[in-house]
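Secondary and tertiary structure notes
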Amino acid sequence: MSIDLRVWGEAWGLPSVDPVCLSAITYAKFSLAPIEEISSTPAETVTGCLPELELNEMVYSDLFSIIGIFRREGYNADYNLTTRQQADTLAFLSYIERKLKPAILYALWLDTNNYTKVTRPAYAKLYGFPRSLWYPGKMREKMENYILNCGSFKKKNLQDIEKILYTEARECMDILEKKLGQEKYFFGDRPTTIDAACYGHLAILLNAPLLSTEIKIHLHACEKLKNHCYRIDKFFMKRSSSSTITPSRENINHSSNLPNRDTVVTVGVGISLMMLFAVVQGIFTHKSSLLARQLQNHANQIIAVKK
């Protein structure tokens, strides 16, 4: 039995052009989940979002929900983690979501040189003509709105926002570099969820031929993180010559393959709900996660310095 996973398609030598889709694919590789990667666009999905997983006439979107389904089906990359390590994983994921992801999206979508020469051509190819004429521009508008809502950026111009985002991204990479230390993966010899999320975001920076490269240069200076990405790429992401991403079924017979929108139960548990659950359960308290406490102390020190 294969599990259909709809994702943004490949580019820059990676199985997906999108950090979250790449994270989902990487987790599936770690856990040996039997996925069929289906290259899609949001218009070809039930939820209007990517990644999207379909299993037994149920549809799930967002990374947390998809990983949860993999685990429910017995494909758990975190099975050997302690309670504290599982709490640390949630803290890491939240930190990457808040501090690293916005900077990467800014570099890809709002930096004019990168967008014009790198990002837009890649997504235009995935959309195909004639949708390539207008959809990348619409996506850029959505990405700008997302980034502007990631922090307190009122009355700040894009240049100021870029400085803030890149500073936070460098700090995030430094913390990840320190946590990784001399280990192969973040929790020892076996890759887990945090390795998948880290690779999914940083591999985009490493592989995309960016013209404006400020945060990419910093990543290259983080030798442990860079080697971590290369290690995952070598041992998990290199597909055999007979393995390819399946084209979107819309090109074949989209209406007969996708369930009717009115009859499908769509489950999409957003990251905010996941984080709320974590807070309620005490996962982000120092009793459960030493990492969360360290991250909070680090953030307090930054705030104190700015004051």
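Use the structure listed above.
Let me begin by describing the structure that accompanies this report.

What counts and how
Residues numbered from 1 in each chain as written. Predicted model: local features only at pLDDT ≥ 70, side-chain atom pairs only at ≥ 80, totals over all residues. Heavy atoms only, no water. Helix = DSSP H or I, 4+ residues; strand = E, 2+ residues; numbered from the N terminus. Buried < 20%, exposed > 50% of the residue type's maximum accessible area, 1.4 Å probe, protein only. Contact = heavy atoms within 4.5 Å. Areas by Shrake-Rupley, 256 points an atom, 1.4 Å probe, with all protein chains shown as cover. Expected span 1.5 Å × (residues − 1). Polar contact = N/O pair within 3.5 Å; in protein donor to acceptor, adjacent residues only side chain to side chain. Pairing = 2+ DSSP bridges. Right-handed = clockwise from strand over helix to strand, strands pointing away. Axes fitted to C-alpha atoms, helices over the stretch in contact; angles between N-to-C directions. Parallel < 35°, antiparallel > 145°, perpendicular 65-115°, else oblique. Left-handed = near helix turned anticlockwise from the far one by under 90°.

In this section: the overall build of the protein. Of the regular secondary structure elements, the protein holds 12 helices and five strands. Across the 307 residues that make up the protein, the buried fraction comes to 50%. Residue pairs in contact within the protein that sit at least 24 positions apart in sequence constitute 75% of those at least 6 positions apart. By element, 51% of the accessible surface of the protein is carried by carbon and sulfur atoms, the whole surface being about 15,200 Å².

Following L50, the chain continues to P51 via a peptide bond in cis, the omega torsion being 5 degrees. If you trace the backbone, P51 turns up in the loop between β2 (35–39) and β3 (52–55). With an omega dihedral of 10 degrees, the bond running from F129 to P130 counts as a cis peptide bond. Within the element layout of this structure, P130 appears in the loop between α4 (112–127) and α5 (135–148). Positive phi values are uncommon outside glycine, yet N56 reaches one of about 55 degrees.

Its 23 residues place the ends of helix α6 (residues 158–180) 32 Å apart at the C-alpha level, agreeing with the 33 Å of an ideal helix rising 1.5 Å per residue. Among the residues of α6, I161, L165, Y166, E168, A169, C172, M173, I175, L176, E177 and L180 are the ones counted as buried. The N-capping residue of α6, defined by a side-chain oxygen 3.1 Å from the backbone nitrogen of Q159, is N157. The first or second residue beyond α6 is G181, which carries a positive phi of 55 degrees.

Each regular strand carries side chains that alternate between the two faces of the sheet. The buried fraction of strand β1 (residues 3–7) amounts to five of the five residues, a majority that puts the element mostly inside the structure. Burial along β1 is two-sided: I3, L5 and V7 facing one way and D4 and R6 facing the other are all buried. Across five bridges, β1 lies against β2 in parallel orientation. Within β2, the position partnered with R6 by the bridge is I38. In this region the chain leaves β1, passes through helix α1 (residues 19–31) and returns to the parallel neighbour β2; the handedness of that crossover is right-handed.

Quick look at the environment of C229 now. Here C229 shows up in helix α9 (residues 223–237). For C229, a relative accessible area of 2% puts it in the buried group. Setting aside chain neighbours within four positions, we find C229 in contact with Y199, L202, A203 and L206.

This next bit is on the side chain of N114. Relative to the helices and strands, N114 is located in helix α4. Within the structure, the side chain of N114 is placed 2.9 Å from the backbone oxygen of A107, a separation counted as a polar contact. Within the local environment of N114, its side chain forms a polar contact with the backbone nitrogen of L211, the two atoms lying 2.7 Å apart. Leave out the neighbours within four places in its chain, and N114 touches A107, L108, T119, L210, L211 and S212.

Take K226: it is sitting in helix α9. K226 gets classed as buried once you look at its relative accessible area, which sits at 13%. When sequence neighbours within four positions are dropped, the list of residues in contact with K226 reads L206, L219 and H220.

Now for the pairing of β3. Burial along β3 is two-sided: the face carrying E52 and E54 and the face carrying L53 and L55 are both buried. Where β1 lies against β3, three bridges are found, and the strand directions are antiparallel. Following the sheet pairing, R6 is matched in β3 by E52. Examined bridge by bridge, β3 and strand β4 (residues 58–61) share four bridges and lie antiparallel to one another. Residue pairing for β4: E52 is matched across the bridge by S61.

On to the environment of A11. With respect to the helices and strands, A11 occurs in the loop between β1 and α1. On the basis of relative accessibility, which here comes to 13%, the residue A11 falls in the buried class. Taking the C-alpha atoms as reference, A11 lies 8.2 Å from A208; in sequence the two are 197 residues apart. The residues contacting A11, other than those within four sequence positions of it, are V17 and A122.

Between α4 and α5, the least distance of the axes is 9 Å, while the angle of their chain directions is 125 degrees. Here α4 lies oblique to α5, going by the angle between them. Note on packing geometry: the crossing formed by α4 with α5 is right-handed. Residues T112, Y115, R120, Y123, A124 and Y127 of α4 lie in contact with α5, whose contacting residues are Y135, P136, G137, M139 and R140.

Scope: geometric values only; no functional claims are made or implied.
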